[in-house]
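Spelled out from the first residue to the last, the chains are:
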Amino acid sequence: MRIARYTTGDDPAYGIVQGDPGEEVITPLKGDPLYVGLQPSGAGPVMLEDVRLLAPVIPRSKVVAVGRNYADHVKEMGGTAPPEQPMLFFKPNTAVVGPFDPVVLPSGSSEVSYEGELAVVIKTITKGVTAERAAECIYGYTIANDVTARDWQRSDGQWARAKGFDTSCPLGPWIETELDPGDLRITTTLDGTVKQDGTTADMVHGVASIIEYASAAFTLLPGDVILTGTPAGVGLVEPGQQVTVDIDGIGSLTNTFVRR
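Definitions and cut-offs
- Residues numbered from 1 in each chain as written.
- Predicted model: local features only at pLDDT ≥ 70, side-chain atom pairs only at ≥ 80, totals over all residues.
- Heavy atoms only, no water.
- Phe/Tyr/Trp six-rings, centres within 6.5 Å; stacked < 30°, edge-to-face > 60°.
- Helix = DSSP H or I, 4+ residues; strand = E, 2+ residues; numbered from the N terminus.
- Buried < 20%, exposed > 50% of the residue type's maximum accessible area, 1.4 Å probe, protein only.
- Lys NZ or Arg CZ within 6 Å of the ring centre and 35° of its normal.
- Core = buried A, V, L, I, M, F, W, Y, C linked by side-chain atoms within 4.5 Å.
- Contact = heavy atoms within 4.5 Å.
- Salt bridge = Lys/Arg side-chain N within 4 Å of Asp/Glu carboxyl O.
- Pairing = 2+ DSSP bridges.
- Axes fitted to C-alpha atoms, helices over the stretch in contact; angles between N-to-C directions.

Student: Is there a simple way to think about the packing of aromatic side chains in this case?
Tutor: Here the distance between the centres and the angle between the planes together describe a pair of aromatic rings. Within this structure, the stated rule accounts for three aromatic pairs. With a centroid separation of 5.2 Å and 50° between ring planes, the pair formed by F90 and F218 is classed as tilted. Of the two residues, F90 sits in strand β7 (residues 87-91) while F218 sits in the loop between α5 (207-217) and β17 (225-227), which places them 128 residues apart along the sequence. Ring centres 6.3 Å apart and planes at 90° place the aromatic pair W152 and F165 in the edge-to-face group. Of the two residues, W152 sits in helix α3 (residues 150-156) while F165 sits in the loop between α4 (160-164) and β14 (169-176), which places them 13 residues apart along the sequence. Taken as a pair, W152 and F165 share a single burial class, namely buried. When the ring centre of W174 is taken as origin, the NZ or CZ atom of R2, which lies over that ring, is 5.0 Å away.

Printed below as a string of structure tokens:
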């Protein structure tokens, strides 16, 4: 089931997206289904093409991201072996934007890169969960672009500024609630040219293991988002260029990069 957050010009709303590509219809829901469940609002359906999609979730708490979780990406970044345990960092919720929203290249950085990733949305208060029960804590999956200022990443010695600046976490186009994340193809294109082509089967630490590891350290709250890492092929973007991340079973997330 695809759950979208959208606007027709009024306040944000939620709905179930159904139909074939180009003919999708949204059935409006009452409130945020993450908290109130799937309650039809009673309003008539709207065509997907007539709405503006928003980030499907704005984490009330945090975005937890995993670094260096694909061996081929570790090698392209100059490493020799992936970390034995998931390498975690945070992105603030102020970094989140939605499909087709501009990503604003930050002033002072000249090396900004895309990173297409599978994202996990948490549905329950999660603390100390085992990998075997991690699926019980997952609301669904969406697509992320873990935008990174590489020069800041090198100079700062930690990643808060490099990966947490405003608009550095596009999410979308919706949340897919019924999906097996074990072997999903991830492709990223830059102005139509394929730059990343990988599969979640190559993740060093799988979704369940990441949730177990993260929840052992800190409580995950409903609406928190976990970014699971990126395959090889990351590269720099320039103002005016467009990046699209596709993940099988979910859809596409497209954003244009601009300089303010």
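Student: How should the nonpolar core be read in this particular structure?
Tutor: One recurring pattern in soluble globular proteins: nonpolar side chains tend to sit buried together. Ranked by size, the top nonpolar core spans 45 residues in total, and within it V112, V207, I211, I226, V237 and F257 carry the most contacts. Setting aside residues up to four positions removed in sequence, I226 forms contacts with V64, L118, A119, V120, I122, I210, I211 and L220. Y14, V57, Y139 and C169 belong to the second largest nonpolar core, which has 22 residues in total.

Student: Where do I start with the pattern of salt bridges in this structure?
Tutor: Oppositely charged side chains can form a pair if their charged atoms are brought close together. By the definition in use, this model includes 11 salt bridges. Here K62 ties to D224 by a salt bridge, and the two come within 2.8 Å at their closest N and O atoms. With a gap of 162 residues between them, K62 in the loop between β5 (52-53) and β6 (63-67) and D224 in the loop between α5 and β17 connect regions that are remote in the sequence. For K62, a relative accessible area of 12% puts it in the buried group.

Student: In this structure, what is going on with the pairing of strand β12 (residues 138-145)? I would like to understand it.
Tutor: Residues in a regular strand point their side chains to alternate faces of the sheet. Buried residues dominate β12, accounting for eight of its eight residues. In this structure, strand β11 (residues 116-122) lies alongside β12, joined through seven bridges in antiparallel fashion. Bridging from a neighbouring strand, V121 pairs with G140 of β12. Sheet topology note: the β12/β14 ladder contains three bridges and is antiparallel.

Student: How do you make sense of the pairing of β14 when you look at a structure like this?
Tutor: A large share of β14 lies buried, amounting to eight of its eight residues. The pairing of strand β8 (residues 96-97) with β14 spans two bridges and is parallel. When the sheet's bridge partners are listed, V96 is paired in β14 with C169.

Student: Is there a simple way to think about unusual backbone geometry in this case?
Tutor: Across the junction of G172 and P173, the peptide omega takes the value 5°, indicating a cis bond. One non-glycine residue, F100, adopts positive backbone phi at about 70°. Locating F100 in the fold gives a position in the loop between β8 and β9 (103-105).

Student: What's the story with the sheet that holds strand β18 (residues 235-236) in this structure? I'm lost.
Tutor: By way of backbone hydrogen bonds, the strands of a sheet pair with one another, either parallel or antiparallel. Taken together, the three strands give an open sheet; going across it, the order is β13-β10-β18, and neighbouring strands pair in antiparallel fashion. Edge strands, defined here as strands with exactly one partner in the open sheet, are β13 (148-149) and β18. As paired elements, strand β10 (residues 112-114) and β18 share two bridges and run antiparallel to each other. Counted as the bridge partner of S113 is L236 from β18.

Student: Would you mind showing me how to read the sheet that holds β9 here?
Tutor: Taken together, the five strands give an open sheet; going across it, the order is β9-β20-β19-β15-β16, and neighbouring strands pair in mixed fashion. Since the sheet does not close on itself, it has two edges, and those belong to β9 and β16 (193-199), each with one partner. The sheet shows a mean angle of 20° between the axes of neighbouring strands, direction not considered. Here six bridges tie strand β19 (residues 242-247) to strand β20 (residues 251-259), and the two strands are oriented antiparallel to one another. Across the sheet, residue V243 finds its bridge partner in β20, namely N255.

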